[in-house]
Amino acid sequence: MDTVTRTEALSRFGYALSDATRTRILLSLREGPGYPSELAEKIGVSRQILSNHLSCLRGCGLVVALPEGRRARYELADPRIGRALDDLIGLVLAVDSACCPEADAENCC
């Protein structure tokens, strides 16, 4: 049962990262909390698109909405998510540069 839980958790994280907009939201929130209007402007999407992706990220358990009067502030659900993103970026960039030299970049995925 523990393996299924771990598998599901990693699958949710992978699903969240599988969309460039959701990834940009997570990367932005790793820098600190944000409001939807500011996040939409920062990453260059409409508020409706941002709202849909925030809903998905909340469903995945990666972000939380903190009510502030009539607005909500969003932040990562756990600070470890930001550290995991940093580690993942470092790993992917290291592997990418090792397996995809500049001269062969067109054959990389």
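In this text the structure is predicted, and so the values were computed from the model without any measurement.

Asker: How should the layout of surface pockets be read in this particular structure?
Answerer: One way to see where empty space is left: roll a probe the size of a water molecule over the atoms. Taken as a whole, the largest pocket encloses approximately 220 Å³ of empty space. As for the largest pocket, its lining consists of A9, L10, R12, F13, C60, G61, L62, D78, R80, I81 and A84. Of all the elements in the fold, those that place two or more residues in the lining of the largest pocket are α1 (2-17) and α5 (79-99). Residue contributions to the lining of the largest pocket peak at four residues, all from α1.

Asker: Please clarify how the nonpolar core should be interpreted in this entry.
Answerer: As a rule of thumb, nonpolar side chains are buried together in soluble globular proteins. Within the largest apolar cluster, 20 residues are counted, with the highest numbers of intra-cluster contacts made by I25, L26, L29, L50, L57, L62 and V63. Looking at which element gives the most residues to this core, the answer is helix α4 (residues 47-59), with four residues. Among all residues touching I25, those that are not within four sequence positions of it are I43, L50, H53, L54 and L57.

Asker: Got a minute to help me understand the pattern of salt bridges in this structure?
Answerer: Oppositely charged side chains may form a pair once their charged atoms are brought near each other. Summed over the entire model, instances satisfying the criterion amount to five salt bridges. When salt bridges with common partners are traced through the structure, they connect E68, R73 and E75 into a single cluster.

Asker: Is there a simple way to explain the side chain of T23 in this structure?
Answerer: Looking at the element boundaries, T23 is found in helix α2 (residues 20-30). A distance of 2.9 Å separates the side chain of T23 from the backbone oxygen of L17, its partner in a polar contact. Residues in contact with T23, not counting those within four places in the same chain, are A16 and L17.

Asker: Would you take a moment to explain the environment of R12 for this structure?
Answerer: Considering the arrangement of structural elements, one finds R12 in helix α1. Overall, R12 belongs to the partly exposed group, its relative accessible area being 38%. Along the primary structure R12 and L62 are separated by 50 residues, whereas in three dimensions their C-alpha atoms are 9.0 Å apart.

Asker: Would you explain the packing of α2 against α4 in this entry?
Answerer: When two helices pack together, their arrangement is given by the angle between the helix axes and the distance between those axes. At a closest axis distance of 10 Å, the pairing of α2 and α4 adopts a crossing angle of 75°. Classed by the angle they form, the pair α2 and α4 counts as roughly perpendicular. Along its contact with α2, which presents T21, R22, I25 and L26, the element α4 presents I49, L50, H53, L54, C56 and L57. Among the residues forming the contact of α2 with α4, the class breakdown is seven nonpolar, two polar and one charged.

Asker: Please clarify how a nonpolar patch on the surface should be interpreted in this entry.
Answerer: A contiguous nonpolar surface patch, about 330 Å² in accessible area, is contributed by L88, L91, V92 and V95. Its location among the elements puts L91 in helix α5.

Asker: Hey, could you run me through the packing of aromatic side chains in this one?
Answerer: When we look at a pair of aromatic rings, we describe it by the centre distance and by the angle of the planes. Under the defined criterion, the tally for this structure stands at zero aromatic pairs. Over the ring of Y15 we find R22; its NZ or CZ atom is 4.5 Å from the centre of that ring. Seen from the ring of Y35, R71 lies directly overhead, with NZ or CZ sitting 3.7 Å from the centre.

So, how was this worked out
Residues numbered from 1 in each chain as written. Predicted model: local features only at pLDDT ≥ 70, side-chain atom pairs only at ≥ 80, totals over all residues. Heavy atoms only, no water. 1 Å grid on protein atoms, 1.4 Å probe; cavity = no way out; pocket = protein on both sides within 12 Å on 5 of 7 lines; lining within 4 Å. Points joined across faces, edges and corners; volume = space filled by probe spheres on them. Helix = DSSP H or I, 4+ residues; strand = E, 2+ residues; numbered from the N terminus. Core = buried A, V, L, I, M, F, W, Y, C linked by side-chain atoms within 4.5 Å. Buried < 20%, exposed > 50% of the residue type's maximum accessible area, 1.4 Å probe, protein only. Contact = heavy atoms within 4.5 Å. Salt bridge = Lys/Arg side-chain N within 4 Å of Asp/Glu carboxyl O. Polar contact = N/O pair within 3.5 Å; in protein donor to acceptor, adjacent residues only side chain to side chain. Axes fitted to C-alpha atoms, helices over the stretch in contact; angles between N-to-C directions. Parallel < 35°, antiparallel > 145°, perpendicular 65-115°, else oblique. Nonpolar A, V, L, I, M, F, W, Y, C, P; charged D, E, K, R; others polar. Patch = residues over 30% accessible without salt bridge, like charges linked within 9 Å, V, L, I, M, F, W, Y side chains within 5 Å. Areas by Shrake-Rupley, 256 points an atom, 1.4 Å probe, with all protein chains shown as cover. Phe/Tyr/Trp six-rings, centres within 6.5 Å; stacked < 30°, edge-to-face > 60°. Lys NZ or Arg CZ within 6 Å of the ring centre and 35° of its normal.

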